[in-house]
Amino acid sequence: MQTPCVSSMNFSTCLAMLLLLFTMSSQANESVATITAVLGDVQVIESASQQKKPAEKKMGLYKDDVVQTALKAKAKIILRDQTILSLGSESELVIDKFILGDQANKGSVGINLKRGLFKYLSGDIAKNKGVVQLKIPNGIITVRGTLALIKIAKSGIVNIKTMTGELVLKDANGKFTQITAGFKITFDSNNSTVTSFESFADNCNL
């Protein structure tokens, strides 16, 4: 009796499909990021168990894990493509998506920035023109090889500052705002509108 795979396709195609499935299964069990620095009270809510655990240096992070910092706490995360995300005091993010690029796929990253202060530095996926998106309240930021600062206040006001490269903000109404190096914007997420757009001459904090 022939197996369904052998009877419906040639051996090489069958083998390629099996290898693809094995690779996808292996990547699903691998961490997508590592915590490289922790200062103060930092917690991780594991997606698999929904348990909250204290963050530790060299701890692996997986898809849909949540990272939270308490008052005056900080953390640094490095994704597998060398994207660097630093979290300031009272911040929270979720790793929504991470697909490492290969010859056929440039890869993609999706990070949900919930609240707080973040410093973002692009890794290999963004540099190789893969899809990198940072979700903020009522908006999505598409990254193009960038160093940026993002502050999401409890009031719903979002400050976005592009140090190098370029960001593109898409609001809930589908409007796009390009933020090139040397410019910063204020985004009111409550009304999904850009309330200010200006250049800056120094490296002052948001």
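Quick caveat, the model's predicted, so the values are computed rather than measured.

*Asks:* Please clarify how the overall build of the protein chain should be interpreted in this entry.
*Replies:* Along the backbone of the protein chain there are three helices and 15 strands. Residue burial in the protein chain is summarised as follows: out of 206 residues, 38% are buried. Contacts in the protein chain between residues far apart in sequence, at least 24 positions, make up 45% of those at least 6 positions apart. Here the protein chain displays about 11600 Å² of accessible surface, and carbon together with sulfur accounts for 55% of that area.

*Asks:* Even after reading the chapter, I still don't get the pattern of salt bridges, so can you show me in this structure?
*Replies:* Close approach of charged atoms allows side chains with opposite charge to pair. Throughout the structure, instances matching the rule amount to six salt bridges. Note that R115 and E92 form a salt bridge whose closest N and O atoms lie 3.3 Å from each other. Of the two residues, R115 is situated in strand β9 (residues 108-121) and E92 in strand β8 (residues 92-99); the sequence distance between them amounts to 23 residues. Exposure remark for R115: the relative accessible area of 31% places this residue in the partly exposed category.

*Asks:* Help me understand the nonpolar core in this model?
*Replies:* The nonpolar side chains of a soluble globular protein tend to be buried, and buried together. Membership of the largest hydrophobic core comes to 40 residues, with the highest contact counts inside it found for I77, L93, I111, L113, I136 and I160. Leave out the neighbours within four places in its chain, and I136 touches L113, I141, I152, V158, I160, L169 and F187.

*Asks:* Sorry if this is basic, but what is going on with the packing of aromatic side chains here?
*Replies:* Within a pair of aromatic rings, the relevant descriptors are the distance that separates the centres and the angle that separates the planes. For the structure on display, the rule yields one aromatic pair. Centre to centre, the rings of F183 and F197 are 5.4 Å apart; their planes meet at 40°, and the pair counts as tilted. Here F197 lies in strand β15 (residues 193-199) and F183 lies in strand β14 (residues 183-188), a separation of 14 residues in the sequence.

*Asks:* Please explain the side chain of E166 as it appears in this structure.
*Replies:* The topology assignment puts E166 in strand β12 (residues 157-171). For E166, the side chain forms a polar contact with the side chain of R144, separated by 2.6 Å. Polar side-chain contacts of E166 include one of 2.6 Å to the side chain of Q178.

*Asks:* Sorry if this is basic, but what is going on with the pairing of strand β5 (residues 66-69) here?
*Replies:* Consecutive residues of a regular strand have side chains that alternate between opposite faces of the sheet. Residues V66 and Q68 point to one face of β5 and V67 and T69 to the other, with burial holding for every one of them. Two elements, strand β2 (residues 42-45) and β5, share four bridges in a ladder whose sense is antiparallel. Following the sheet pairing, V44 is matched in β5 by V67.

Definitions and cut-offs
- Residues numbered from 1 in each chain as written.
- Predicted model: local features only at pLDDT ≥ 70, side-chain atom pairs only at ≥ 80, totals over all residues.
- Heavy atoms only, no water.
- Helix = DSSP H or I, 4+ residues; strand = E, 2+ residues; numbered from the N terminus.
- Buried < 20%, exposed > 50% of the residue type's maximum accessible area, 1.4 Å probe, protein only.
- Contact = heavy atoms within 4.5 Å.
- Areas by Shrake-Rupley, 256 points an atom, 1.4 Å probe, with all protein chains shown as cover.
- Salt bridge = Lys/Arg side-chain N within 4 Å of Asp/Glu carboxyl O.
- Core = buried A, V, L, I, M, F, W, Y, C linked by side-chain atoms within 4.5 Å.
- Phe/Tyr/Trp six-rings, centres within 6.5 Å; stacked < 30°, edge-to-face > 60°.
- Polar contact = N/O pair within 3.5 Å; in protein donor to acceptor, adjacent residues only side chain to side chain.
- Pairing = 2+ DSSP bridges.

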